[in-house]
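Here is how the chains run, residue by residue.
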Amino acid sequence: MWGSNARNAHPIFFHHVLKGLRNGARMFTVDPRRSETAQWADVWLGIDVGTDIPLANAIGREIIHAGLTNDEFIERATIGFEDYQTSVEPWTLDVASDVTGVPAEAIRQLAHEYARAPTAQLCWTLGITEHHNATDNVLSLINLSLLTGHVGRYGSGLVPVRGQNNVQGGGDMGALPNKYPGFQDVENDEIRLKFETSWGSPLPAQNGWHLSQMFEAMDKGQMRSLYVIGENPAQSEADVSHAIDVLNRLDFMVVQDIFMTKTAELADVVFPAAAGWAETDGTVTSSERRVQLVRKALDPPGEARDDSDIILDLARAMGHDWGNPTAEQVWDELRSLSPMHAGMSYKRLDELGGIQWPCPDENHPGELFLHSRLWSDPIGGPPAPFTPVEHSPPLDELSEDYPIRLTTGRRLDSYNTGVQSIGYTSPIRDEETIDLSPEDGEMLGVGEGELVRIVSRRGVIEAPVRFDRGLRAGLAFMTPHFPDEVDTNQLTADAWDPKSGTAEFKATAIRIERISETVS
């Protein structure tokens, strides 16, 4: 578990992990905090925030030097090993220990046990991806799987545990600025022609903007209107004061949602939508690529309507009649254009209880292991590339004025900006706090429950102190769950990864002030 507090953020998934542990599996947890997940681990590697690449590179170097690489797999199924080997050579166990804060022996133990295990999985979530070098962080883990052959076979693989229901399905359907449905490249002329022919309309030849680029474009006046579906950027964006300022300067904004979010309150028009999991027909895709049918159980309340019906009426109002297709007809159009979904008829999805893509035809059972082709001889398709990656520390640097590193995450009883969870009480829910180590509390002269002022280079908020012995000195923790009371994203940095567009929520530099001293 690398950068994943799955016990809190993915509790149902973690129940399956616990079954594995009871059956004899061993778990290593890489996390700056001794989180609820780390408490179940055989070994906890308490990494300094933003040093994942040095740790991964050191593990890779140790695997190579210990002679634990899967040479047959590397030779047959990969490219770029020599360049990778050269790139990790400086990252000895001692050097990596100095940079990451993880004892050299713990790094060595993880390297040897991962490489020697008959089967092994690398699981990660936002602790890896909410950084300015998110993509490189993921690539550093992929390199480890290629070194050892822990990919594309039963019990071994790379497992990005998705942060929200149907995130995978959204990407599959083309909700990405550079991909059509089925992850087909926008800038590929042949692919684009296929979609233009089917849709009867010319399509842009260049990739679109991802979310961070959209906010930059809005800030510069290059993007003057916005259509938001099921998102709450007025509370979820990093440096949220700036995000709200940008949204307020738009000429026009439409929000389509099942809740009157803070973003919807800023909108010119709000379309009340149906809840997709209970009030509409369609499909969702799980983290394991399994497409499953969702069936309407009840009618949406009041004036709320199915998302697709709203979009179809909007198209008609703009002069384009797309008819009134059923969810199944929309899906059939999708699978006529997306080869990896081609064999997934509603009939088969119903009979089989879901199918994993790719599924190229109606005789195909769905691919159990996405990268199983790497074990064919010769392999199917192109070889898997090693990708050398370099360490790049957090951009929001610690200093005398901002000496504490704030990282953010989820708690078990709440969810994201609280839109879906704050309306319900929970016996295990407490108010939002700034979690500190007891050592930092003593150094700052603050007591548990004391209200303090938290200051970053972007904003100032107040929150009560809570001591957490799972935190080391110099590290603080907060959540974004209660923005109406404690708006954590006033503090976070909006630096973002140029490859994925993800903001660096996990590495904010802060200081903590006693309010009584500040007032006096």
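The model shown is predicted, which means the values in this text are computed figures rather than measured ones.

Reading the values: rules and limits
- Residues numbered from 1 in each chain as written.
- Predicted model: local features only at pLDDT ≥ 70, side-chain atom pairs only at ≥ 80, totals over all residues.
- Heavy atoms only, no water.
- Pairing = 2+ DSSP bridges.
- Helix = DSSP H or I, 4+ residues; strand = E, 2+ residues; numbered from the N terminus.
- Axes fitted to C-alpha atoms, helices over the stretch in contact; angles between N-to-C directions.
- Parallel < 35°, antiparallel > 145°, perpendicular 65-115°, else oblique.
- Left-handed = near helix turned anticlockwise from the far one by under 90°.
- Contact = heavy atoms within 4.5 Å.
- Nonpolar A, V, L, I, M, F, W, Y, C, P; charged D, E, K, R; others polar.
- Domains from an automatic or database assignment.
- Buried area = accessible area lost by both parts, 1.4 Å probe.
- Salt bridge = Lys/Arg side-chain N within 4 Å of Asp/Glu carboxyl O.

Colleague: I'm lost on the sheet that holds strand β11 (residues 282-285) in this one. Help?
Modeller: Through backbone hydrogen bonds, the strands of a sheet pair up, either in parallel or in antiparallel fashion. Read across the sheet, 3 strands follow the order β11-β12-β13 without closing on themselves; strand pairing throughout is antiparallel. Pairing within the sheet leaves two strands with one partner each, and these edge strands are β11 and β13 (355-356). Taken together, the 4 bridges between β11 and strand β12 (residues 290-294) define a ladder with antiparallel strand orientation. Looking at the pairing, Val284 lines up with Gln292 of β12.

Colleague: Just checking my understanding: could you explain the packing of helix α3 (residues 52-65) against helix α7 (residues 104-116) for this structure?
Modeller: The packing of two helices is summarised by the inter-axis angle and the distance between the axes. Where α3 contacts α7, the two axes come as close as 9 Å, and the packing angle between them is 60°. In terms of orientation, α3 and α7 fall into the oblique class. The handedness of the crossing between α3 and α7 comes out as right-handed. Mapping the contact onto sequence places Leu55, Ala58, Ile59, Glu62 and Ile63 in α3 and Ile107, Arg108, Leu110, Ala111, His112, Tyr114 and Ala115 in α7. Split by residue class, the contact of α3 with α7 holds 9 nonpolar, 1 polar and 2 charged.

Colleague: Can you help me understand the domain arrangement of the protein chain in this one?
Modeller: You'll often see interface size given as the accessible area lost when the parts meet. With domains assigned, the protein chain is organised as domain 1 (6-161) and domain 2 (404-514). With centres defined by C-alpha atoms, the gap from domain 1 to domain 2 works out at 27 Å. Tallying the contact residues gives 22 residues for domain 1 and 22 residues for domain 2. Counting each side, the surface lost to burial between domain 1 and domain 2 is near 1800 Å², with a carbon and sulfur contribution of 52%. Considering only the side of domain 1, the residues that lose the most area to domain 2 are Arg33, Glu130 and His132, jointly responsible for 35% of the buried surface there. For the pair domain 1 and domain 2, the interface holds 3 salt bridges.

Colleague: Got a minute to help me understand unusual backbone geometry in this structure?
Modeller: Phi is mostly negative for residues that are not glycine, and the peptide bonds are mostly trans. For the bond from Trp357 to Pro358, the omega torsion is 0°, close enough to zero to count as cis. Following Asp377, the chain continues to Pro378 via a peptide bond in cis, the omega torsion being 5°. Tracing the backbone shows Pro378 in the loop between β13 and β14 (384-385). One non-glycine residue, Arg289, lies in positive phi territory at about 70°. Its place among the elements puts Arg289 in the loop between β11 and β12.

Colleague: Would you mind showing me how to read the sheet that holds strand β10 (residues 269-272) here?
Modeller: Pairing is parallel across the open sheet formed by 3 strands, whose spatial order is β8-β9-β10. Of all the strands in the sheet, just β8 (225-229) and β10 have a single pairing partner and so form its edges. The average angle at which neighbouring strand axes cross in this sheet is 10°, direction not considered. Note: strand β9 (residues 252-257) against β10, 4 bridges, orientation parallel. If you follow Val254 over to β10, its bridge partner there is Val269. Contacting β8, β9 and β10, helix α16 (residues 307-317) runs over the sheet at an angle of about 155° to β8.

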